[in-house]
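Letter by letter, the chains look like this.
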Amino acid sequence: MNDPNLPIPLTGGRRPEPGLHLVATPIGSARDITLRALDTLAGADVLAAEDTRTLRHLMEIHGIPVNGRLMIPYHDHNGEAARPRILGVLAEGKSVAYASEAGTPLIADPGLKLARVAMEAGYKVIAAPGASAVLTALTVAGLPTDRFFFAGFAPSSAGARRSWLSELSAVRATVVIYESPKRTARMLGELAEIFGAGRQAAVCRELTKRFEETRRGTLAELAAHYAEADPRGEVVLVIDRSDEVVVEEADVEAALRAALGAGARVKEAAAEIALKFGLAKRDVYQLALTLQEDEPPSEA
């Protein structure tokens, strides 16, 4: 009988159980992969990947042969066609290992829909955790990590982006944003304007790669630095939480009355005002109900 405490050989250990295995892959250094992830890639019946070329290269680096196994590309542009193929494999009682191009599947990744349809169909979904740009950036940014909010990529249109940033500015948590190097300077300028020039932040680029760099400072300082030249490589922005602000009940009531008076439904108004003031939705919803009950009936 095998001793469960002994290391499992990568190509001769336990085969992955039937189901969808979400395999985290390195965001830079190829050595940032777990033994469990290598086991899963070595033993899965079928391999699926956001970019099969990237996955094949990673497996070659670690000496894991494909051995003629089916490799299914799965990304934003072919999801509708690829999902039924993968579900068909799962229906046969086989194991499928899905890998993002880099990082943890489902984190700003097309694997979300795949995982959800697999769950809804009753198949087991298993994570082989590992590298994540979000957690790596938080580790080196030097900002509070007890509460953080991952916002992903910003909207591309100026109006939607400013509205998006205005909502994030009141979040009582460290904010993490993915950004393109060509848009980093613009984003930092908008963050300094909307979040406040003195808010502490960090620009983390090329995480775990050879030219990794983390630059820390106020949003104004970082905006001025990157206005001179765009950073190179992939960028993660980490912004400190807003200062605690004492919220007066009268201000919340006034905002709710204005929203309700403009025709918003109680639930919508409560959600909007709770986000604006950083309050619990339940408390604001109860206040909105009270205000609605106190309103005199309109004359016919």
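Residues numbered from 1 in each chain as written. Predicted model: local features only at pLDDT ≥ 70, side-chain atom pairs only at ≥ 80, totals over all residues. Heavy atoms only, no water.

In spatial order, the strands read β3-β2-β4-β1-β5; together these five strands make up an open sheet with parallel pairing. The sheet is open, and its two borders are formed by β3 (71-73) and β5 (125-128), each paired with just one other strand. Across this sheet, the average inter-strand angle for adjacent strands is 25 degrees, counted without regard to direction. Of the strands in this sheet, β1 (19-23), β2 (46-49), β3 and β4 (95-99) touch helix α3 (residues 79-91), which is tilted by about 150 degrees from β3. Along the sheet, helix α4 (residues 111-120) makes contact with β1, β4 and β5, crossing β1 at roughly 155 degrees. (Pairing = 2+ DSSP bridges. Helix = DSSP H or I, 4+ residues; strand = E, 2+ residues; numbered from the N terminus. Axes fitted to C-alpha atoms, helices over the stretch in contact; angles between N-to-C directions. Contact = heavy atoms within 4.5 Å.)

Right, let's get into the packing of aromatic side chains. The full count for this structure, using the stated rule, is three aromatic pairs. With a centroid separation of 5.8 Å and 90 degrees between ring planes, the pair formed by tyrosine 74 and tyrosine 98 is classed as edge-to-face. One end of the pair, tyrosine 74, is in the loop between β3 and α3; the other, tyrosine 98, is in strand β4, with 24 residues separating them in the sequence. This pair shows no difference in class: tyrosine 74 is buried, exactly as tyrosine 98 is. Seen in terms of ring centroids, phenylalanine 150 and tyrosine 178 are 4.9 Å apart; in terms of plane orientation they differ by 65 degrees. Their pairing is edge-to-face. A residue pair is termed long-range when its members are at least 10 positions apart, and phenylalanine 150 in strand β6 (residues 148-153) and tyrosine 178 in strand β7 (residues 174-179) qualify at 28 residues. A relative accessible area of 26% means that phenylalanine 150 is categorised as partly exposed. Here a set of aromatic residues connected by ring pairs shows up, and it is made of Phe150, Phe153 and Tyr178. (Phe/Tyr/Trp six-rings, centres within 6.5 Å; stacked < 30°, edge-to-face > 60°. Buried < 20%, exposed > 50% of the residue type's maximum accessible area, 1.4 Å probe, protein only.)

Here we take up the pairing of β6. Pairing of β6 with β7, which is carried by five bridges, proceeds in the parallel orientation. Residue pairing in the sheet places phenylalanine 150 in a bridge with valine 176 of β7. Following the backbone out of β6, through helix α6 (residues 158-169) and into the adjacent parallel β7, one traces a crossover that is right-handed. (Right-handed = clockwise from strand over helix to strand, strands pointing away.)

In this section: the packing of helix α7 (residues 184-195) against helix α8 (residues 219-228). The geometry of α7 relative to α8 is characterised by a closest axis approach of 8 Å and an angle of 155 degrees between their N-to-C directions. Taken together, the axis directions place α7 and α8 in an arrangement best described as roughly antiparallel. Crossing geometry of α7 relative to α8 is assigned as left-handed. On α8, the residues that touch Ala185, Leu188, Gly189, Leu191, Ala192 and Phe195 of α7 are Leu219, Ala220, Leu222, Ala223, Tyr226 and Ala227. In terms of residue class, the contact of α7 with α8 is built from 11 nonpolar, one polar and no charged. (Parallel < 35°, antiparallel > 145°, perpendicular 65-115°, else oblique. Left-handed = near helix turned anticlockwise from the far one by under 90°. Nonpolar A, V, L, I, M, F, W, Y, C, P; charged D, E, K, R; others polar.)

Because side chains alternate across β5, one face comprises the buried residues Ile126 and Ala128, and the other comprises Val125 and Ala127, none of which is buried. Pairing geometry for β1 and β5, over four bridges, is parallel. Residue pairing for β5: leucine 20 is matched across the bridge by valine 125.

This next bit is on the nonpolar core. By size, the foremost hydrophobic cluster in this structure holds 24 residues, and its most contacted members are Leu168, Ile177, Leu188, Leu191, Leu237 and Ile239. Where this core is concerned, the elements lending two or more residues are α6, β7, α7, β8 (200-205), α8 and β10 (235-239). Once residues lying within four places of it in the same chain are set aside, the contact partners of isoleucine 239 are Leu143, Ala173, Thr174, Val175, Ile177, Leu191, Phe195, Arg199, Gln200, Ala201 and Leu219. If you look at the next biggest cluster of nonpolar residues, it comprises 17 residues, including Val23, Leu38, Ile64 and Ala128. (Core = buried A, V, L, I, M, F, W, Y, C linked by side-chain atoms within 4.5 Å.)

On to the UniProt feature "domain: Tetrapyrrole methylase" (unreviewed entry) in the protein. The UniProt record annotates "domain: Tetrapyrrole methylase" (unreviewed entry) at residues 20-223. In the segment residues 20-223, helix accounts for 39% and strand for 22%; the C-alpha atoms at its two ends are 43 Å apart. (UniProt positions renumbered as here; feature names shortened; annotations may be inferred.)

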